[in-house]
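Single-letter residue listing:
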Amino acid sequence: MHRLLRWPRRTDHTRSASQTDHAGAVYGSLLAASVIATASAVGDFPGVQLIVLLLVTGTVFWAAHVYASLAGERLVGRPVGWAEVRRAGRRELPIVEAAVLPAAAVAVSPLLGLGPSGAGWLALSVAGAQQFSWALFGALNAGASRTQAAIEGLVNLVFVVLIVAAKAALGH
């Protein structure tokens with residue numbers, strides 16, 4: 001989670017795109033929320049299964065994004081060596097990292113007296129909160145005004161509400 005927690009000063013206009021781009025974290029959070037809602041549609045998953053499902057799905061999507069990035073590099077005629085593979089892997093790591101907090105929420109849910117359904121709601125809440133937060137922080141880190149950042153956060157909140165509505169409509 002080291003990449004997600006980097007918070008460069010807002011006045012530093014020399015940042016690279018990877019230092020201000022929180023797209024992977026936002027995408028990974030949306031992915032985690034979708035996994036939780038979908039898993040709930042087919043029944044209550046035991047905690048360990050939901051944790052594994054979250055982490056494996058995040059890892060598979062990370063690998064797919066790394067592959068797509070490398071394939072795109074080849075298409076534009078750039079050579080792809082191990083250094084580029086490592087850079088692409090690090091660049092896309094927030095997709096996997098975004099699954100960690102919802103998985104941790106599932107892991108601690110028994111300590112809070114929550115059953116499988118409650119664990120799903122807790123994990124979904126965590127995924128939604130981090131999606132909203134990363135959209136907001138990403139916009140601010142990229143130099144957006146507070147109004148623009150709030151709009152980006154609210155747009156992502158709409159995505160979260162849609163996933164929560166789908167989960168509720170499915171009866172979980």
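From a predicted model like this one, the values you see are computed outputs, not experimental measurements.

(A) Region of the structure containing the overall build of the protein chain. For the protein chain, the helix and strand inventory stands at 8 helices and 0 strands. Sequence-ordered secondary structure for the protein chain, helices as α and strands as β, is α-α-α-α-α-α-α-α. Taking all 172 residues of the protein chain together, 38% fall into the buried category. For the protein chain, the exposed area adds up to about 9300 Å²; of that, 69% sits on carbon and sulfur atoms.

(B) Inspection of the environment of Leu122 at higher detail. In this structure, Leu122 sits in helix H7 (residues 116-141). The exposure class of Leu122 is partly exposed, given its relative accessible area of 24%. Considered as a pair, Leu122 and Pro102 are 20 residues apart in the sequence and their alpha carbons are 7.8 Å apart. Excluding residues that lie within four positions of it along the chain, Leu122 makes contacts with Ala105, Ser109, Leu112 and Leu114.

(C) Just the nonpolar core, in detail. Within the largest apolar cluster, 17 residues are counted, with the highest numbers of intra-cluster contacts made by Ile36 and Leu54. Of all elements in the fold, only helix H2 (23-41), helix H3 (47-75), helix H6 (100-108) and H7 reach the threshold of two or more residues within this core. Every residue in contact with Leu54, bar those within four places of it in the chain, is listed here: Ala32, Val35, Ile36, Ala99, Pro102, Ala103 and Val106.

(D) View of a nonpolar patch on the surface. Taken together, the side chains of Tyr27, Val48, Val52, Val56, Val60 and Phe61 make up a nonpolar region of the molecular surface, amounting to roughly 510 Å² of accessible area. The greatest single-element share of the nonpolar patch, amounting to 5 residues, is contributed by H3. Tracing the sequence through the fold places Phe61 in helix H3.

(E) Seen up close, the packing of H6 against H7. Where H6 meets H7, the closest approach of the two axes is 8 Å, and the angle between their N-to-C directions is 155°. One finds that H6 runs roughly antiparallel with respect to H7. Crossing handedness for the pair H6 and H7: right-handed. Contacts between H6 and H7 involve Leu101, Pro102, Ala105 and Val106 from the former and Ala119, Leu122, Ala123, Val126, Ala127 and Gln130 from the latter.

(F) Broad picture of the side chain of Gln131. Locating Gln131 in the fold gives a position in helix H7. The buried category is assigned to Gln131, whose relative accessible area is 0%. Of note is the side chain of Gln131, whose polar atom sits 3.0 Å from the side chain of Asn156. Ignoring any residue separated from it by four or fewer positions in sequence, one finds Gln131 in contact with Val26, Ser29, Leu30, Asn156, Phe159 and Val160.

(G) Structural context of H2. Helix length check: H2, at 19 residues, gives a terminal C-alpha distance of 27 Å against a target of 27 Å (1.5 Å per residue), a fit within 8%. Within two residues after H2, Gly43 carries a phi angle of roughly 135°, on the positive side.

(H) Spatial organisation of helix H4 (residues 82-92). Of all the positions in H4, only Glu84, Ala88, Gly89 and Glu92 are classed as buried. An end-on view of H4 places all buried positions within 140° of arc, on one side of the element.

(I) Spatial organisation of the packing of H7 against helix H8 (residues 146-169). Where H7 meets H8, the closest approach of the two axes is 7 Å, and the angle between their N-to-C directions is 160°. The angle between the axes of H7 and H8 places the two elements in the roughly antiparallel class. As H7 packs across H8, the resulting crossing turns out to be right-handed. The residue makeup of the contact of H7 with H8, split by class, is 16 nonpolar, 5 polar and 3 charged.

(J) Summary view of the pattern of salt bridges. For the structure shown, the criterion picks out 2 salt bridges. When the shortest N-O distance is used, the salt bridge between Arg91 and Glu84 registers 3.8 Å. Since its relative accessible area comes to 33%, Arg91 is described here as partly exposed.

Reading the values: the criteria
- Residues numbered from 1 in each chain as written.
- Predicted model: local features only at pLDDT ≥ 70, side-chain atom pairs only at ≥ 80, totals over all residues.
- Heavy atoms only, no water.
- Helix = DSSP H or I, 4+ residues; strand = E, 2+ residues; numbered from the N terminus.
- Buried < 20%, exposed > 50% of the residue type's maximum accessible area, 1.4 Å probe, protein only.
- Areas by Shrake-Rupley, 256 points an atom, 1.4 Å probe, with all protein chains shown as cover.
- Contact = heavy atoms within 4.5 Å.
- Core = buried A, V, L, I, M, F, W, Y, C linked by side-chain atoms within 4.5 Å.
- Patch = residues over 30% accessible without salt bridge, like charges linked within 9 Å, V, L, I, M, F, W, Y side chains within 5 Å.
- Salt bridge = Lys/Arg side-chain N within 4 Å of Asp/Glu carboxyl O.
- Axes fitted to C-alpha atoms, helices over the stretch in contact; angles between N-to-C directions.
- Parallel < 35°, antiparallel > 145°, perpendicular 65-115°, else oblique.
- Left-handed = near helix turned anticlockwise from the far one by under 90°.
- Polar contact = N/O pair within 3.5 Å; in protein donor to acceptor, adjacent residues only side chain to side chain.
- Expected span 1.5 Å × (residues − 1).
- Arc of directions from axis to C-beta.
- Nonpolar A, V, L, I, M, F, W, Y, C, P; charged D, E, K, R; others polar.

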